[in-house]
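Letter by letter, the chains look like this.
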Amino acid sequence: MATLIRSKLSNKLTNAANAVSNKSQAKVSGMFARMGFQAATDEEALGFAACDDLDYDHRQGMQMDILTSDEMGGEGSGDGGVLDGDSHYQRDGTGPPHSASKDGGPTNELSEVRPQITAWEAGWNVTNAIQGMFVLGLPYAILHGGYLGLFLIIFAAVVCCYTGKILIACLYEEDEDGQLVRVRDSYVDIANACCAPRFPSLGGHIVNVAQIIELVMTCILYVVVSGNLMYNSFPSMPISQKSWAIIATAALLPCAFLKNLKAVSKFSLLCTLAHFVINILVIAYCLSRARDWAWDKVKFYIDVKKFPISIGIIVFSYTSQIFLPSLEGNMQNRAEFHCMMNWTHIAACILKGLFALVAYLTWADETKEVITDNLPPTIRAVVNIFLVAKALLSYPLPFFAAVEVLEKTFFQEGARAYFPDCYGGDGRLKSWGLTLRCVLVVFTLLMAIYVPHFALLMGLTGSLTGAGLCFLLPSLFHLKLLWRKLLWHQVFFDVAIFVIGGICSISGFIHSMEGLIEAFKYNIEE
């Protein structure tokens, strides 16, 4: 009898310790996510800084599987059972749903430990996500698309706004009383729910692979743009673009030792403000040359070979869907999410369209892949140095998120791990963990050296992962999970977006790969 009592007391103490530990982790992760959202610098950096919180749901599910089984095995009464609000973190999305509020609105049981943000704060996050550094490539898209390129900037804004809304709709289901209840928490949960019951984890793997590709490609783009900007800022110096890329990568090697992003996040807000100042400077210079604008150069023709690449560039500039579920879950009033999406994408559409058109009218056929390269030498050097600093400070965000996803996927402790854990018992990084990080940094350098084409890489990423995460998967998931409740016009929109997105993705991917292969062969021969 005494042994049984001691056993129960031991189980209760263990469960209580686990509960406190998990709640503390949730608070820290939520605080980090909010800091990352509000301070991030551009469309990729913002979404990728939030990947720690976004993927937390999926990773926490693995821990909760073990925690739940331990608690059930230790004590059936449930006194020290699963944390309230944490039971929905099951990997297959079959955990108990959240409870609804008294007024019938959807609530999140983790709201007590997650920091809440207003609609304006959420809008600031989305604005940073879709109006970041890579809008500098939009005038190049107008060069090959003319007025059709401008139309696509508007069309992409409308479609991405719509798919963002339907992606959030997939997080909810109706309970017995007909009230909407949030039963999923991330993009991965939605994907897994669509593939269940035959392949309960396939969808999550697909989303994670797309996420890793986009993260790594973003890191490569930062190295490419750094080398390109420095080379064009100081053309008289005997340093090639490849050499500048190597110098930039040398400055990025300390990223391999990152354990968190606290130090980097301090500079993020300054980088964002600097980027807006740079955009204003570019527009001001273009307006000063309004008398020389080449309106006759903007036509309704398209460059059949290069325009599909432009589609990828435009789509890539609107990517934000990957972190929207986490953002919506942290809003104080989730009913304002649709309104927030509307005004942020309308503002992005107007600003992007004006920026791309004004810049193209100023330089016409001489428009370069990165528009700041068209500025006069004196202005260009100053602006490009700020942009390089911004790119180098933004690099750790997607890099850290990519490393974390890889570590959790392949090095997580437990039966599912493919390799040993990257961290020791004392929390120190092991040799193979450091090797993984260094290899990733070197890989981004090699890609930047052999394929130093900003537009091609941006178009490829937008066509492959951007179109998939923003167009194809949200419309497919919406049809799969909610098709019985959709009206005929909603079904038509979803099917149309899926077909158009598929066509744009395939054509852009093929043309981008052709250009990349040619560039790769040229650099190998050189």
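Residues numbered from 1 in each chain as written. Predicted model: local features only at pLDDT ≥ 70, side-chain atom pairs only at ≥ 80, totals over all residues. Heavy atoms only, no water.

- By the naming in an unreviewed UniProt entry, the protein chain is Vesicular inhibitory amino acid transporter, taken from Amphiprion percula.
- Looking at the protein chain in UniProt, the text filed under Sequence similarities (unreviewed entry) is "Belongs to the amino acid/polyamine transporter 2 family." (UniProt positions renumbered as here; feature names shortened; annotations may be inferred.)

Quick notes on helix α9 (residues 241-252)
Inference 1: Along its 12 residues, α9 runs 17 Å from first to last C-alpha, staying within 8% of the 16 Å computed at 1.5 Å per residue.
Inference 2: What α9 keeps buried is the set Q241, W244, A245, A248, T249 and L252. The buried residues of α9 occupy an angular sector of 140 degrees when the element is viewed end-on, so they sit on one face.
Inference 3: Buried residues in α9 make contact with α8 (202-233), α14 (377-394) and α16 (431-450). (Helix = DSSP H or I, 4+ residues; strand = E, 2+ residues; numbered from the N terminus. Expected span 1.5 Å × (residues − 1). Buried < 20%, exposed > 50% of the residue type's maximum accessible area, 1.4 Å probe, protein only. Arc of directions from axis to C-beta. Contact = heavy atoms within 4.5 Å.)

Describing the nonpolar core
Inference 1: Y318 and Y395 are the most contacted members of the largest nonpolar core, which has 120 residues in total.
Inference 2: The residues touching Y395, leaving out its near neighbours within four places in the chain, are C219, Y222, V223, L252, C255, V441 and T444. (Core = buried A, V, L, I, M, F, W, Y, C linked by side-chain atoms within 4.5 Å.)

Observations regarding a nonpolar patch on the surface
Inference 1: Where nonpolar side chains cluster on the molecular surface, the patch consists of V209, I213, L464, I506, F509 and I510 and spans about 490 Å² of accessible area.
Inference 2: Only α8 and α18 (488-525) provide two or more residues apiece to the nonpolar patch.
Inference 3: Mapped onto the elements of the fold, I510 is located in helix α18.
Inference 4: Relative accessible area serves as the criterion here: at 42%, I510 is assigned to the partly exposed category. (Patch = residues over 30% accessible without salt bridge, like charges linked within 9 Å, V, L, I, M, F, W, Y side chains within 5 Å. Areas by Shrake-Rupley, 256 points an atom, 1.4 Å probe, with all protein chains shown as cover. Salt bridge = Lys/Arg side-chain N within 4 Å of Asp/Glu carboxyl O.)

A closer look at the packing of aromatic side chains
Inference 1: Following the criterion strictly, the structure yields 10 aromatic pairs and no others.
Inference 2: Judged by centre distance (6.3 Å) and plane angle (70 degrees), the ring pair of W293 and W295 falls under edge-to-face.
Inference 3: Classification of W293 as buried rests on a relative accessible area of 18%.
Inference 4: Residue W295 is classed as partly exposed on the basis of its relative accessible area of 47%.
Inference 5: Ring geometry for Y395 versus F399: centroids 5.7 Å apart, planes at 20 degrees, classification stacked. In this structure, Y395 and F399 share a single accessibility class: buried.
Inference 6: Through pairs of rings, three or more aromatic residues link up here, namely Y162, F492 and F493. (Phe/Tyr/Trp six-rings, centres within 6.5 Å; stacked < 30°, edge-to-face > 60°.)

Structural notes on the side chain of E328
Inference 1: Note that E328 resides in helix α12 (residues 324-329).
Inference 2: A polar contact of 2.6 Å, which involves the side chain of E328, links it to the side chain of Y172.
Inference 3: Here E328 is in contact with I168, L171, Y172, R182, R334 and F337, once residues within four sequence places are set aside. (Polar contact = N/O pair within 3.5 Å; in protein donor to acceptor, adjacent residues only side chain to side chain.)

Quick notes on the packing of helix α7 (residues 187-195) against helix α17 (residues 454-482)
Inference 1: One can describe the packing of α7 onto α17 by two numbers: an axis separation of 10 Å at closest approach and a directional angle of 50 degrees. Judged by the inter-axis angle, α7 sits oblique to α17. Regarding α7 and α17, the two cross each other, and that crossing is left-handed. Contacts between α7 and α17 involve Y187, I190, A191, A193 and C194 from the first element and G468, L469, L473, P474, F477, K480 and L481 from the second.
Inference 2: Residues that form the contact of α7 with α17 fall into these classes: 10 nonpolar, 1 polar and 1 charged. (Axes fitted to C-alpha atoms, helices over the stretch in contact; angles between N-to-C directions. Parallel < 35°, antiparallel > 145°, perpendicular 65-115°, else oblique. Left-handed = near helix turned anticlockwise from the far one by under 90°. Nonpolar A, V, L, I, M, F, W, Y, C, P; charged D, E, K, R; others polar.)

Observations concerning the environment of N342
Inference 1: On the secondary structure map, N342 appears in helix α13 (residues 337-363).
Inference 2: Note on N342: relative accessible area 31%, which makes it partly exposed.
Inference 3: For the pair N342 and A157, spaced 185 residues apart in sequence, the C-alpha to C-alpha distance is 9.4 Å.
Inference 4: Discounting chain neighbours no more than four positions away, the residues touching N342 are C161 and K165.

Details of unusual backbone geometry
Note: most residues except glycine have negative phi, and most peptide bonds are trans.
Inference 1: Of the consecutive residues A196 and P197, the connecting peptide bond is found in the cis state with omega at 5 degrees.
Inference 2: By the secondary structure assignment, P197 is in the loop between α7 and α8.

Overview of the environment of R437
Inference 1: Residue position: R437 is located in helix α16.
Inference 2: Through-space distance from the C-alpha of R437 to that of F399 is 8.7 Å; in sequence the pair is 38 residues apart.

Some remarks on the pattern of salt bridges
Inference 1: Tallied over the entire structure, the rule returns 4 salt bridges.
Inference 2: Measuring nitrogen to oxygen at the nearest pair gives 2.9 Å for the salt bridge that ties D185 to R182.
Inference 3: When its relative accessible area of 1% is taken as the criterion, D185 is described as buried.
Inference 4: Its salt-bridge partner being R182, residue E328 comes within 2.9 Å of it at the nearest N-O pair. Of this pair, E328 sits in helix α12 while R182 is found in strand β2 (residues 180-182), placing the two residues 146 residues apart along the sequence.
Inference 5: A network of salt bridges, in which partner residues are shared, links R182, D185 and E328.

Focus on the state of the cysteines
Formally, a disulfide is one covalent bond, and it connects the sulfur atom of one cysteine to the sulfur atom of another.
Inference 1: For the structure on display, the rule yields 0 disulfides.
Inference 2: In this model C160 remains outside any disulfide bridge; the closest cysteine sulfur is found in C470, 4.6 Å from its own.
Inference 3: The class for C160 is buried, based on a relative accessible area of 0%. (Disulfide = S-S within 2.5 Å.)

A look at the packing of α9 against α16
Inference 1: Between α9 and α16, the shortest axis-to-axis distance is 10 Å and the interhelical angle comes to 165 degrees. By the angle between their axes, α9 is roughly antiparallel relative to α16. As α9 runs across α16, the sense of the crossing is right-handed. Across from K242, A245, I246 and T249 in α9, the residues of α16 making contact are V441, L445 and I449.

A word on the environment of G204
Inference 1: Residue position: G204 is located in helix α8.
Inference 2: For G204, a relative accessible area of 2% corresponds to the buried category.
Inference 3: Aside from chain neighbours lying at most four places away, what touches G204 is V188, A191 and N192.

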